[in-house]
Amino acid sequence: MIISVASGKGGTGKTTVALNLAFSLTNVQLMDCDVEEPNLHLFLAPQERRTIPVCISVPQVDETQCTHCGKCAEVCQFNAIAVVKDQVLIFPEICHGCGGCTLLCPVQAIQETPREIGYIQEGNYNGLSFVQGVLNVGEPMPTPIIRQEKKLINKDKTVILDCSPGTSCPVIEGVRGSDFCLLVTENTPFGLNDLELAVEMVKALGIPRGVFINQEDLGDGKLREYCRRENTPILGGLPHDRRIAEVYSRGGIVVEELPEYRDLFLALFQKIQDIGFSRSQDELERTL
Amino acid sequence: MKQITVISGKGGTGKTTIVASLATLVKKAVLADADVDAADLHLLLKPQIQRREPFFASKMAVINPERCDGCQKCREVCRFGAIVDLQVDMIACEGCGVCLHICPQGAITLKEVKSGEWFISKTRYGPMVHAKLGVAQENSGKLVTLVRKEACRIAQEGGYSLVLIDGPPGIGCPVIASLGGVDAALAVTEPSLSGIHDLKRVLEVCRHFRVPAWVCVNKADINPENTKRIREFCQQEGTPVIGEIPFDPIVTKAMVFESTVIEYSGGRVSNEIKKMWMRLERSLGYPLDQDRPSKEGRAMNL
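Since the model is a prediction, treat every value here as computed from it, not as a measurement.

This part takes up the overall build of chain B. Along chain B, the regular secondary structure elements total 11 helices and 11 strands. Taking the principal axes of the C-alpha coordinates as reference, chain B spans close to 70 × 50 × 35 Å. Counting only contacts in chain B whose residues sit at least 6 apart along the sequence, the fraction spanning at least 24 positions is 78%. Surface exposure of chain B reaches about 12500 Å², of which carbon and sulfur atoms provide 48%.

Written out as structure tokens, the structure is:
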């Protein structure tokens, strides 16, 4: 089962939930899909097995063959290539690596060369299998890294994906294809506003969803009311406990230092599994 | 006219709280919410929308089933896995158009997709430009650029001396779009290991794009040891720490009340933010409102 953890608003506790859920279960693969600001490794100090560079293919023009016809610039939807008089200018940072220019050049003057935009690390921490993607500083596009990273998913394990905040491309790339999306929020107006956006996103992707409320004893009843209205179950929550914030701030693991919270994460996993199971039952009935 | 972007790397460190509080202090700024995929500034500033515009930036391939003969060439050339069973996966398609050039039947076209909306509004602290990215849409970087351009135009035409930008978390394309060409960035962090790690990366981004940065440590007293580490690191880097804001539940209370901390209470958080603003203003060339527009001149230019 693949569980993605997302949130809309940042800082609501995605990493805390993903990490402690992983530590409450066995046979887990934990993946950090927040490649812009990956944080899980701070808590794990994993033993690294291998590092894989992530490259995208960018065009390189053979000036001796180029006729400066301008076809490449015409087909590029991202304005990453321009033909000025007898010169071809390439802007690799905005190239999406679609391969259109290479494919469509009438004289085959374009070749693709790999350009590194980040890397993926695979490792181990006390039997927990860990993967993280890291975007190089100054690079704008996190999605190719997440796409590569998710190829390392091991379906024999319970896979937990820690996604980035927000609701745009990197989050969608992370959540896509998961069996369940857990949305972590906090009981504040910001938390609710961004949860609404995140719920719309998960609905558009057609993935079953549930909510986890951090600092659940804060705020008013609006969040619960919204979840009821939207038919989005609340699967658990953490109280506003200063000890949790302290454990987090120095890179500790809550279920290890405060074992009374372990049952909470086990119950959360049980509920996620139940929803996943009833959904596959529904699908089975529909196909029959 | 100066531009400042408030960023953080890590999400949820208090960017929007700080921007809204600064807005109450500056009183001569145009506000821009550049966190277009999870915008929150409007919850505190309650903008009245004066102008609303659609945002078109992305394109998507469409297959005409009447012309398609099922040759699968489109699927073979698509690098984004966006063609499944001769249907275009709207979410995976990046609109590169390679399929349309390769289709022997000419059955594919690119259509423009509305990817969001942007607004020019009036708030109690001046004009505000903000946006809403559509559900599961991309191109947030372009929308950020558009929001900033409009905010700058309003500032120039109305004689405002500052554009205050609430930036997105992370270090990717919308962050880069919110930082390009600004006078300074204010990086808001918190004294946790994640906060420090993410601060370092976002400061590297600032350096990469040659944007001077200042640091504000939010909830500084939650872990004094980590706050000290941030101070030491910033000193080595030559990045000034211009604010250390204490943890106070009043901040969350103000938010639940949908108000800025400054308006809600005159306590120590407010005092620290005020001090920080004075330092910020001085560093930008004090006083910022030297050429403060007359009341009539400050009327909005929509």
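Residues and elements named next belong to chain A. Where helix 7 (residues 189-205) contacts helix 8 (residues 222-229), the two axes come as close as 11 Å, and the packing angle between them is 15°. If you check the angle between helix 7 and helix 8, you find them roughly parallel. Seen along the crossing, helix 7 lies across helix 8 with a hand that is right-handed. Between helix 7 and helix 8, the residues in contact are Leu 192, Leu 195, Glu 196 and Val 199 and Lys 222, Leu 223, Tyr 226 and Cys 227, respectively. Residues of the contact of helix 7 with helix 8, tallied by class, amount to 6 nonpolar, no polar and 2 charged.

Attention now moves to the interface of chain A and chain B. Each partner contributes residues to the interface: chain A has 56 residues there, and chain B has 64 residues. In this assembly, chain A packs against chain B so that about 4800 Å² is buried in total across both faces, 60% of it on carbon and sulfur atoms. Taken as a group, Glu37(A), Val137(A) and Phe190(A) account for 15% of the area that chain A buries against chain B, more than any other trio of residues on that side. At the surface where chain A touches chain B, the tally comes to 4 salt bridges. One salt bridge connects Arg201(B) with Glu37(A), and the closest N-O pair in it is separated by 3.5 Å.

So, about the packing of helix 1 (residues 15-26) of chain B against helix 11 (residues 268-285) of chain B. All names here are of chain B. Here helix 1 crosses helix 11 at 70°, and the two axes come no closer than 10 Å. Of the possible angle classes, the one that applies to helix 1 and helix 11 is roughly perpendicular. As for how helix 1 packs across helix 11, the hand of that crossing is right-handed. Residues Ile 18, Ser 21, Leu 22, Leu 25 and Val 26 of helix 1 pack against Ile 273, Lys 274, Met 276, Trp 277 and Leu 280 of helix 11. When its residues are assigned to classes, the contact of helix 1 with helix 11 shows 8 nonpolar, 1 polar and 1 charged.

Reading guide: rules and limits
- Position numbers for residues start from 1 in each chain and track the written sequence from start to end.
- Chain letters and ligand numbers both follow the written order, the letters beginning at A and the numbers at 1.
- Confidence filtering applies because this is a predicted model: local features only for residues at pLDDT of at least 70, side-chain atom pairs given and counted only at 80 or more, and all residues used for totals across whole chains, interfaces and linings.
- The side-chain figures draw on all heavy atoms in the structure; neither hydrogens nor water molecules are used.
- Starting at the N terminus, helices and strands are each numbered in turn, a helix being any DSSP run of H or I of at least four residues and a strand any DSSP run of E of at least two.
- The contact rule is simple, with two residues in contact once any of their heavy atoms fall within 4.5 Å.
- All accessible areas in this document rest on Shrake-Rupley with a 1.4 Å probe, and a residue is counted as covered only by the protein chains that are shown.
- Axes here mean lines fitted to C-alpha atoms, for a helix over just the part in contact, with angles spanning 0 to 180 degrees between N-to-C directions.
- Every angle not falling under 35 degrees, over 145, or within 65 to 115 is termed oblique; those three ranges are roughly parallel, roughly antiparallel and roughly perpendicular.
- Note: crossing handedness is left-handed where the near helix turns anticlockwise from the far helix by less than a right angle, and right-handed where it turns clockwise.
- In this classification, the charged set is Asp, Glu, Lys and Arg, the nonpolar set is Ala, Val, Leu, Ile, Met, Phe, Trp, Tyr, Cys and Pro, and all remaining amino acids, among them Gly, are polar.
- Two parts placed together each lose some accessible area under a 1.4 Å probe, and adding up what both lose gives the buried area.
- By convention in these notes, a salt bridge is any Lys or Arg side-chain nitrogen within 4 Å of a carboxyl oxygen on Asp or Glu.

The analysis is restricted to geometry; functional conclusions fall outside its scope.
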